[in-house]
Amino acid sequence: MPRTPSRRTALHGLAAVGAAVIGFDPFTRSWAVSASDRPLTDLPPLDGTLHTDEASLTAAADDFGHIVHRRPAAVLRPGSIRDVVAMIRFCNAHGLRVAPRGQGHATQGQAQVDGGLVIETAPFAAIGAVGRRSTTVTVGAGAKWSDVAKATLAHGLTPPTFTDYLELSVGGTLSVGGLGGQTHQQGAQVDNVTELQVVTGAGEFVRCSPTRHRDLFHAVLAGLGQCAVVVGATLRLVPAPETVRHYLLPYDDLRTFLDDQRLLVREGRFAYVEGQVTPDSEGAFRGYLLEAVAYGPPVGPAPDDSALLRGLRHDPSGVQTSDLAYYDFLDRLAPGVAALKEAGLWAYAHPWLNLLLPGREAVALAGSLLDDLTSADLGPGVVLLYPLLSERLHAPLLRTPDDPVPYLLAVLRTTPPDDTATIDRLLAANRTAYDTVRAAGGTHYPVGSVPFGPSDWRDHFGSAWRQLATARHTYDPNGILVPGQGIF
Ligand SMILES: Cc1cc2nc3c(=O)[nH]c(=O)nc-3n(C[C@H](O)[C@H](O)[C@H](O)COP(=O)(O)OP(=O)(O)OC[C@H]3O[C@@H](n4cnc5c(N)ncnc54)[C@H](O)[C@@H]3O)c2cc1C
């Protein structure tokens, strides 16, 4: 619920910021609006702007989930990294909590902070120089993957791995992992970073990499914002194909579908492998579509259908094949998203369930979870089911099952935002599904909406917990960063 400022709040200081007046309460660690105009003497000078207007606070108290609403006291649109350093130091001095926000596509308030400071990363959208021989590009944390792709493709280069949706910020996906259909070959997005530029929770600007401040580097990648705000990242680049051939292969049996997917990712026959589960006319989730993409020249040979599909057990009468420009393939969700926005469905609540299943149990787990799923509880969303390859995943904080071929099961529920009873029921169902999967050795991919407490997080991070907790103590000693994750 939005916080209502108390008139009785013992304001320690006040500041005129633009037209608004803000203050903070050292006892409740929150800021409040005040009628007083006493100046807050230690608010640092900024290159950017600090906002306390209604529209900014309301926007920062919402996200793609439209389920959780925590109202900050102020929103920083930084004009420089210096602003982030200065405001994080200010927040440390006054016991205020801080949440960086990229594109706000989290589903459960992860980028929100009640009574604290939201730092928008969108102003850090610069994309550094790229030439035809570049092996990396340095980008601002607020850059969207669509813009990174366009800028590098102009030089025939591309980051190796993308999320399905491109309008997410680089800092946002590097904070969670960044999984997609290329991950089985190229790793997650966090596996394709050579350096991070961050501001720690103590307000220090640090460049970290696998060889420099290594502990911080590994605590930030998939670290859910607990140790530092990413302000920039140096990303690996590889040659890009000009065109791709895209296949949709229908299956009517879950085991056969999963076995064929496993075969493909083990062989590396396709550059991209994903899959969807579709409901039949009775609403039962018994249809499976294997989605695979072969890269054409200059990265691969002209795709050969018979070689690529050899030995697969899909229904050959239902195969759909299309040739696409590489960027159109990456941006394939754009028309669907535009239609969802047009229909008002993008503004629906999204109590998403994102689980990683151990491959050895995938048939049983996916089978029973899909048996329990109804079309009504999915709404106008989709179900994704596709394999990863553990040997390609190296970020310690991206927690995956102890299995060579884990599967991502994503139930992307979409439901009216005002029907809180249904949302609560779906959140409880998410938790039940998580408990089932966890008991079988699965994990939660933390972009969805599974009710989670500190002990769940400790269990989630398992052998990596000590590493995260030590880094948190070192780099965010006052524990001000990203309370919306609910980890510490
Ligand atoms: C339509 C849609 C499709 C998606 N598809 C995929 C997919 O295919 N694969 C996949 O892996 N994920 C996918 N996601 C999930 C997505 O990767 C995460 O939700 C991601 O965190 C969103 O990025 P964002 O910029 O919106 O981050 P936000 O929602 O703004 O932030 C998410 C979390 O990261 C923290 N954070 C944000 N920026 C920074 C930063 N610079 N430094 C430190 N912490 C930061 C925030 O505080 C918050 O805790 C999808 C989400 C949506 C809505």
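As shown above, the structure is provided for reference.
This write-up is about the structure you can find in this document. For every chain, the first residue of the written sequence is number 1, and numbering continues from 1 along that sequence. In keeping with the model being predicted, local features are shown solely for residues with a pLDDT of at least 70 and side-chain atom pairs are shown and tallied solely at 80 or more, while totals for entire chains, interfaces and linings include all residues. The side-chain numbers reported here are obtained from all heavy atoms of the structure, hydrogens and water having been left aside.

1. Re the site of the ligand
- Note on terminology: near, applied to a residue and a molecule or strand, indicates that one of the residue's heavy atoms is within 4 Å of it. Around the ligand, the surrounding shell holds 34 residues, and the nearest of these are Pro100, Gly102, Ser169, Leu179 and Tyr445.
- At 2.6 Å from an oxygen atom of the ligand is found a side-chain nitrogen or oxygen belonging to Ser169.
- Any N or O atom pair separated by 3.5 Å or less is treated as a polar contact, with the protein-specific requirement of one donor-capable and one acceptor-capable atom, and with residues adjacent in sequence counted only for side-chain atom pairs. A distance of 2.7 Å separates a nitrogen atom of the ligand from a polar backbone atom of Leu179.
- When the ligand is considered free in solution it has 950 Å² of accessible area, and contact with the protein chains removes 96% of it. For every accessible area listed, the method is Shrake-Rupley and the probe measures 1.4 Å; residues are considered covered only by the protein chains on display.

2. Some thoughts on helix H2 (residues 81–94)
- Across its 14 residues, H2 extends 20 Å between first and last C-alpha, which sits within 8% of the 20 Å expected from 1.5 Å per residue.
- Buried residues dominate H2, accounting for 10 of its 14 residues.
- Every buried residue of H2 is accounted for by Asp83, Val84, Val85, Ala86, Met87, Ile88, Phe90, Cys91, Asn92 and His94. Secondary structure is summarised from DSSP: a helix means a run of H or I of at least four residues, a strand means a run of E of at least two, and numbering begins at the N terminus for each. An expected span of 1.5 Å times one less than the residue number is assigned to each helix. A simple rule labels every residue: compare its accessible area, found with a 1.4 Å probe on the protein chains alone, to the largest value its type can have, and call it buried under 20%, exposed over 50%, or partly exposed in between.

3. Some remarks on the pairing of strand S15 (residues 272–279)
- Only when DSSP finds a minimum of two bridges between them are two strands counted as paired. Strand direction decides the pairing type here: S15 and strand S16 (residues 285–295), joined by 8 bridges, are antiparallel. In the strand pairing of S16, Thr278 is matched with Gly287.
- What sits between S15 and S16 in their antiparallel hairpin is a turn of 5 residues, with Gly283 showing a positive phi close to 85°.
- Bridging between S15 and strand S19 (residues 383–387) involves 2 bridges; their strand directions are antiparallel. Looking across to S19, one finds that Gln276 is bridged to Leu384.

4. Here we look at the packing of aromatic side chains
- The aromatic pairing rule takes the rings of Phe, Tyr and Trp, using the six-membered ring of Trp, and pairs them if the centres are within 6.5 Å, calling planes under 30 degrees apart stacked, those over 60 edge-to-face and the rest tilted. This structure, assessed with the given rule, holds 15 aromatic pairs.
- Taken together, a centroid distance of 5.3 Å and an interplanar angle of 70° make the contact between Phe64 and Trp352 edge-to-face. Here the residue Phe64 occupies a position in the loop between helix H1 (54–60) and strand S5 (74–77), and Trp352 occupies one in the loop between helix H10 (334–342) and strand S18 (353–357), the gap between them amounting to 288 residues. Of the two residues, Phe64 and Trp352, neither departs from the other in class, the shared state being buried.
- Members of the aromatic cluster, each reached through a chain of ring pairs, are Tyr434, Phe452, Trp457, Phe461, Trp465 and Phe488.

5. Notes on the packing of helix H7 (residues 254–267) against helix H11 (residues 362–372)
- Running from amino to carboxyl end, H7 crosses H11 at an angle of 130°, the nearest separation of the two axes being 10 Å. The pairing of H7 with H11 is recorded here as oblique in orientation. You can see that H7 and H11 cross each other, and the crossing is right-handed. Two secondary-structure elements touch here, H7 through Leu254, Arg255 and Leu258 and H11 through Ala362, Val363, Ala366 and Gly367. Axis definition: a line fit to C-alpha positions, over the contact stretch in the case of helices; interaxial angles, taken between N-to-C directions, run 0 to 180 degrees. Oblique is the label for any angle not under 35 degrees, not over 145, and not in the 65 to 115 range, which are roughly parallel, roughly antiparallel and roughly perpendicular in turn. Crossing handedness follows the turn of the near helix against the far one: under a right angle anticlockwise gives a left-handed crossing, and clockwise gives a right-handed one. What makes two residues a contact is simply this: any of their non-hydrogen atoms within 4.5 Å.

6. Points about the side chain of Ser169
- Examined against the element boundaries, Ser169 turns out to sit in the loop between strand S9 (157–158) and helix H4 (170–176).
- Among the residues examined, Ser169 registers a relative accessible area of 3% and is labelled buried.
- Residues within four places of Ser169 in sequence aside, it is in contact with Gly102, Gln103, Ala141, Gly142, Ala143, Lys144 and Trp145.

7. Structural notes on the environment of Lys150
- Mapped onto the fold, Lys150 is located in helix H3 (residues 145–153).
- Separated by 177 residues in the primary sequence, Lys150 and Tyr327 place their C-alpha atoms 7.7 Å from one another.

8. Details of the sheet that holds S5
- Taken together, the 4 strands give an open sheet; going across it, the order is S4-S5-S7-S6, and neighbouring strands pair in mixed fashion. Both edges of this open sheet fall to strand S4 (49–51) and strand S6 (98–101), since each of them pairs with a single strand only. Between one strand axis and the next, the sheet turns by 25° as a mean value, whatever way the strands run.
- Note that S4 and S5 share 3 bridges and pair antiparallel. Paired with Leu50 across the bridge in S5 is Leu76.
- This element, H2, spans S4, S5, S6 and strand S7 (117–120) of the sheet and lies at about 170° to S7.

9. Thoughts on the state of the cysteines
- Disulfide assignment relies on a single distance test, namely cysteine sulfur atoms paired within 2.5 Å. Summed over all chains, the structure comprises 0 disulfides.
- Residue Cys208 stays outside any disulfide, its sulfur separated by 10 Å from that of Cys227, the closest cysteine.
- According to the relative accessible area criterion, Cys208 is buried, its value standing at 0%.

10. Quick word on the sheet that holds strand S12 (residues 228–236)
- As summarised here, the arrangement of the 4 strands in space is S8-S12-S10-S11, forming an open sheet in which the pairing is antiparallel. If you trace the sheet from one side to the other, it starts and ends with strand S8 (136–140) and strand S11 (205–208), each paired once. Across the sheet, the axes of successive neighbouring strands diverge by a mean angle of 20°, strand direction being ignored.

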